[in-house]
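Next come the chains, spelled out residue by residue.
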Amino acid sequence: MTGRPSRTGKAIRAGGQASAGDLLELVRSGRATTRGALQRVTGLSRATVGQRLDRLFRAGWLREGAGGPVESPLGGRPSITLEFDDEHAVVLAADLDTRHARAAVLTLTGEILAEHTGTLVIEDGPDTVLGELGHWFAALLEKAGHRPQEVCGIGLAVPGPVDSDTGRVVQPPIMPGWDGHDLRGRLARSFTDLTGARTPPVLVDNDANLMAYAEQRTGYPDCSAFVLVKVSTGIGAGVVVDGSIYRGIDGGAGDIGHIRVPEGAQALCRCGSYGCLAAVASGGAVARRLAATGVRAASGSDVRDLLAAGHPEAAALAREAGRRVGDVLATVVTLLNPGVLMIAGDLAGTPFLTGVRELLYQRALPRSTAHLDVVTSRLGERAGLVGAGALVVEHLYAPERVEERLLALGV
Ligand SMILES: [Zn+2]
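These figures come from a predicted structure and were not determined experimentally.

**Overview of the domain arrangement of the protein**
Point 1. For the protein, the assigned domains are domain 1 (7-84), domain 2 (90-209 + 384-409) and domain 3 (222-380).
Point 2. Taking only C-alpha atoms, the centre of domain 2 and the centre of domain 3 are 26 Å apart.
Point 3. Listed by partner, the interface residues are 16 residues for domain 2 and 17 residues for domain 3.
Point 4. Broken down residue by residue, the surface that domain 2 buries against domain 3 is led by Pro-173, Ala-208 and Asn-209, which jointly contribute 38%.
Point 5. Inspection of the domain 2/domain 3 interface yields four salt bridges.
Point 6. Linking Lys-230 and Asp-207 is a salt bridge whose minimum nitrogen-to-oxygen distance equals 2.7 Å.
Point 7. Scanning the region where domain 2 abuts domain 3 turns up three residue pairs in polar contact (both at pLDDT 80 or more).
Point 8. Those elements that provide at least two residues to the side of domain 2 that touches domain 3 are strand E7 (162-163), helix H6 (207-219) and helix H13 (383-396).
Point 9. Take the side of domain 2 that touches domain 3: its biggest share by element is three residues, from H6.

Next comes the structure, spelled out in structure tokens:
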């Protein structure tokens, strides 16, 4: 279920102008999966569709469906269904949190083939972290039984704002030493030095963005306005509109953890300011308040463990944190009018969600919440990985990039 593209799909050129990339997009999105359907949708002749599909077959990107021929709705000969061949390459993906990371080898449709979780400390800086990640990737490929040459791209999720044009993080509050660093270049070098394979494209994005992207595509493909809020060490939000991540002008969209809240006046945030939402309502903030009462808690993941064990003080503080976040989300929901608001991260559970609902429905306009579903994550801790993998695949197989890649393959 993980790789189903959004039904909103990408625009393709009609009126006889469709390229091989457009045909691939129609097949991948499920909008047209037979030669006849491709002719009808694009207005191309039978011969031209045949020529363009032939190039995609020679590249190994398309295959005939396992189900065999299907009856045409218009009568006539049964037609053979076409599908994206998700076995001609693999994707590497990693999701960095402040103290640990998760990495995986994925198929082109988002299935996880091999996965590793371990300690990687963001504060050690990009050189150390991305160097070690290269070793993880090499070991994971071996475990999955794939060669480094089969890797078509690498996706990286990081807990900070990212300029997606350059792949650099921009003034990240919880990633000291990472500001402006060339993450794409460093990770590509780490991978190539270890494996000897050519440098694959590397895409970097904010973790909440990629979690939102994965959850929307897999669970809510018909939802055209989707918001995910990640509450862990920090607080961040990802927004997916019409199947695409909405990043804003500088990659700063959704960085709601640093909105000032009245209750936070005395609370110092990791960004250096006082009064941020993250300083009073994140997993880190709840951990600090628990620690002040003698409970062993140092991070959002400690709070998650306490919540899972039914710790009453942790539950009460999580609910209070939910109310504070819910107050801010009333504004978010009023501005964006989403169909789904998903709560994810260490605090995502009943107490926090109850708190969010209490304030959200009280403060937002009834019209903004009439068709709103407030839900928790479906993909759980894998959402960032799945989103990072999907970002790479959607980038590499986008209609506008296909021609150049086919030419490079000599087909
Ligand atoms: Zn802040």
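**Quick look at the coordination of the zinc ion**
For a metal with four tetrahedral donors the ideal donor-metal-donor angle is 109.5 degrees, whereas six octahedral donors ideally subtend 90 or 180 degrees.
Point 1. Protein coordination of the zinc ion is provided by His-258 (ND1), Cys-269 (SG), Cys-271 (SG) and Cys-276 (SG), with donor distances spanning 2.0 to 2.3 Å.
Point 2. For the zinc ion, the four donor atoms are set out with angles of 105 to 118 degrees between them, so the coordination reads as tetrahedral.
Point 3. Read N to C, the donor residues that coordinate the zinc ion are spaced as H-x10-C-x1-C-x4-C.

**A few points about the sheet that holds strand E9 (residues 202-206)**
Point 1. Ordered in space as E5-E4-E3-E6-E9, the five strands form an open sheet in which the pairing is mixed. What marks the edges here is a single partner per strand, and that holds for strand E5 (112-119) and E9. Strand after strand, the sheet turns through a mean of 15 degrees between neighbouring axes, direction not considered.
Point 2. When strand E4 (residues 100-106) meets E5, the two strands line up antiparallel, connected through seven bridges. Considered in E5, the bridge of Leu-106 is made with Ile-112.

**Examining the packing of helix H4 (residues 126-144) against helix H5 (residues 183-195)**
Point 1. Look at H4 against H5: their axes get within 9 Å of each other, and the N-to-C directions meet at 45 degrees. The orientation of H4 relative to H5 falls into the category oblique. For the pair H4 and H5, the sense of crossing is right-handed. Along its contact with H4, which presents Pro-126, Asp-127, Leu-130, Gly-131, Leu-133, Gly-134, His-135, Phe-137, Ala-138 and Leu-141, the element H5 presents Leu-183, Arg-186, Leu-187, Arg-189, Ser-190, Phe-191, Leu-194 and Thr-195.
Point 2. For the contact of H4 with H5, the class distribution of residues is ten nonpolar, five polar and three charged.

**A look at the pattern of salt bridges**
Point 1. One pass over the full model with this rule turns up 26 salt bridges.
Point 2. With a shortest N-O distance of 2.8 Å, Arg-102 and Glu-115 are connected by a salt bridge. Note that Arg-102 is positioned in strand E4 and Glu-115 in strand E5, a separation of 13 residues in sequence.
Point 3. Take Arg-102: its relative accessible area is 14%, and that puts it in the buried class.

**Let's talk about the environment of Gly-234**
Point 1. Tracing the backbone through its elements, the reader meets Gly-234 in the loop between strand E10 (225-231) and strand E11 (235-241).
Point 2. Along the backbone, Gly-234 and Gly-252 are 18 residues apart, and their C-alpha atoms lie at a distance of 15 Å.
Point 3. Once you skip the residues sitting within four places of it in the chain, Gly-234 turns out to touch Ile-174 and Ser-282.

**A closer look at the packing of aromatic side chains**
Point 1. With the rule as written, the count across this model stands at three aromatic pairs.
Point 2. When the ring of Trp-61 is compared with that of Tyr-397, the centres are 4.9 Å apart and the planes differ by 75 degrees; the resulting orientation is edge-to-face. Placement of Trp-61 in the loop between helix H3 (46-59) and strand E1 (62-70) and of Tyr-397 in the loop between H13 and helix H14 (399-409) is noted, with a sequence separation of 336 residues between them. A single burial state applies to Trp-61 and to Tyr-397, both of which are buried.
Point 3. An aromatic cluster of three or more residues is present, and its members are Trp-61, Phe-84 and Tyr-397.
Point 4. Taking NZ or CZ as reference, Arg-217 lies 5.0 Å from the ring centre of Tyr-213, over its face.
Point 5. Of note, Arg-378 hangs over the ring of Tyr-220, and the distance from its end group to the ring centre comes to 4.7 Å.

Rules behind the numbers
Residues numbered from 1 in each chain as written. Predicted model: local features only at pLDDT ≥ 70, side-chain atom pairs only at ≥ 80, totals over all residues. Heavy atoms only, no water. Domains from an automatic or database assignment. Contact = heavy atoms within 4.5 Å. Buried area = accessible area lost by both parts, 1.4 Å probe. Salt bridge = Lys/Arg side-chain N within 4 Å of Asp/Glu carboxyl O. Polar contact = N/O pair within 3.5 Å; in protein donor to acceptor, adjacent residues only side chain to side chain. Helix = DSSP H or I, 4+ residues; strand = E, 2+ residues; numbered from the N terminus. Donors = N, O, S within 2.8 Å, 3.2 Å for Na, K, Ca; no water. Tetrahedral: all angles 85-135°; square planar, octahedral: opposite > 155°, others 65-115°. Pairing = 2+ DSSP bridges. Axes fitted to C-alpha atoms, helices over the stretch in contact; angles between N-to-C directions. Parallel < 35°, antiparallel > 145°, perpendicular 65-115°, else oblique. Left-handed = near helix turned anticlockwise from the far one by under 90°. Nonpolar A, V, L, I, M, F, W, Y, C, P; charged D, E, K, R; others polar. Buried < 20%, exposed > 50% of the residue type's maximum accessible area, 1.4 Å probe, protein only. Phe/Tyr/Trp six-rings, centres within 6.5 Å; stacked < 30°, edge-to-face > 60°. Lys NZ or Arg CZ within 6 Å of the ring centre and 35° of its normal.

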